[in-house]
Amino acid sequence: MKGKKILFINGSPNKKGNTAKLAEQLLKGRDYETVSLTDYKVYSYGQNYEDDQFAEIVGKMKEADVIVIGSPLYWHNICGAVRDLLDRFYGPVAPGELSGKKFYFLFQGAAPEKWMLEAGEYTMKRFAAMYGMEYAGMASAGAEAEKLSETLQ
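An account of the accompanying structure is given in this report. (Residues numbered from 1 in each chain as written. Predicted model: local features only at pLDDT ≥ 70, side-chain atom pairs only at ≥ 80, totals over all residues. Heavy atoms only, no water.)

## Concerning the overall build of the protein chain
- Of the regular secondary structure elements, the protein chain holds 5 helices and 6 strands.
- When the helices and strands of the protein chain are placed in sequence order, the string is β-α-β-α-β-β-α-β-α-β-α.
- Computed over its C-alpha atoms, the radius of gyration of the protein chain comes to 14 Å, within 12% of the 15 Å expected for a compact globule of 153 residues.
- In terms of overall dimensions, the protein chain has C-alpha extents of about 40 × 35 × 25 Å along its principal axes.
- Counting across all 153 residues of the protein chain, residues that qualify as buried make up 46%.
- When the accessible surface of the protein chain is summed, it comes to about 8100 Å², and 48% of that surface belongs to carbon and sulfur atoms.
- Separation between the mean location of the 19 positive side-chain charges and that of the 20 negative ones in the protein chain comes to 4 Å. (Helix = DSSP H or I, 4+ residues; strand = E, 2+ residues; numbered from the N terminus. Rg over C-alpha atoms; globule rule 2.2 N^0.38 Å. Buried < 20%, exposed > 50% of the residue type's maximum accessible area, 1.4 Å probe, protein only. Areas by Shrake-Rupley, 256 points an atom, 1.4 Å probe, with all protein chains shown as cover. Lys, Arg positive; Asp, Glu negative; His and termini not counted. Charge placed at Lys NZ, Arg CZ, Asp CG, Glu CD.)

Dropping the structure here:
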């Protein structure tokens, strides 16, 4: 993983919360850039405002070799900030445009049920596949993140 550019996109409004801690476990010992979605204006699909920063985030994703998206589990699903980011890909980003990148998903909540985790992972697997990324796995707890970290070698 030496020399690879790693981008962590944090969907949590708590920049140093459990989602960020899970990323620290996954990416332990590696340099990575964090994009906290709460610091960016990414409007909902269909909205068009001059100060929108969606293209800036996509640019960072295109520069990265490894992309990690982290989301807290809100209302039984991926958080709104991550959902908005994914929704916005339709149209501006061509299928396969992120080919060659490795993709990880971090999804954590206080007491997620199995079906919630499965639904989130299904969405992220489909997202990765549509844009050409290699889906490397999901972690929802520290032990899973540490095990998944071994695949970053």
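Here the narrative resumes.
## A short note on the nonpolar core
- If you look at the biggest cluster of nonpolar residues, it comprises 33 residues, and the most contacted ones within it are I9, I57, M61, I67, F89, F103 and F127.
- Of all the secondary structure elements, the ones that give two or more residues to this core are β1 (6–10), α2 (54–63), β3 (66–74), α3 (80–88), β5 (102–108) and α4 (114–130).
- In terms of residues, this core owes the most to one element, α4, which gives 5 residues.
- Grouped together as the second largest cluster of nonpolar side chains are 15 residues, L22, A23, Y104 and A136 included. (Core = buried A, V, L, I, M, F, W, Y, C linked by side-chain atoms within 4.5 Å.)

## A word on the packing of α3 against α4
- The N-to-C vectors of α3 and α4 enclose an angle of 30°; their axes lie 12 Å apart at closest approach. By the angle between their axes, α3 is roughly parallel relative to α4. The chirality of how α3 crosses α4 is left-handed. Packed against α3, whose contacting residues are V82, R83 and L86, the element α4 presents T123, M124 and F127 at the interface.
- Residue classes in the contact of α3 with α4 are distributed as 4 nonpolar, 1 polar and 1 charged. (Axes fitted to C-alpha atoms, helices over the stretch in contact; angles between N-to-C directions. Parallel < 35°, antiparallel > 145°, perpendicular 65-115°, else oblique. Left-handed = near helix turned anticlockwise from the far one by under 90°. Contact = heavy atoms within 4.5 Å. Nonpolar A, V, L, I, M, F, W, Y, C, P; charged D, E, K, R; others polar.)

## Considerations on the side chain of Q108
- Examined against the element boundaries, Q108 turns out to sit in strand β5.
- Side-chain polar atoms of Q108 contact the side chain of T19, separated by 3.1 Å. (Polar contact = N/O pair within 3.5 Å; in protein donor to acceptor, adjacent residues only side chain to side chain.)

## Concerning unusual backbone geometry
- Although it is not a glycine, W75 adopts a positive phi angle of roughly 50°.
- By secondary structure assignment, the location of W75 is in the loop between β3 and β4 (77–78).
- Taking relative accessible area as the criterion, W75 reaches 81% and is therefore assigned exposed.
- Phi angles above zero are rare outside glycine, and H76 is one such case at about 70°.
- Looking at where H76 falls in the secondary structure, it is placed in the loop between β3 and β4.

## As for the environment of E97
- Of note, E97 is situated in the loop between α3 and β5.
- Distance in space between the C-alpha atoms of E97 and A119 is 24 Å, their sequence separation being 22 residues.
- Polar side-chain contacts of E97 include one of 2.7 Å to the backbone nitrogen of A94.

## Let's talk about the side chain of N10
- With respect to the helices, strands and loops of the structure, N10 is situated in strand β1.
- A distance of 2.9 Å separates a polar atom in the side chain of N10 from the backbone nitrogen of S12.
- Discounting residues that sit within four places of it in the chain, N10 has contacts with K15, T19, A20, T34, V35, S36, L37 and G70.

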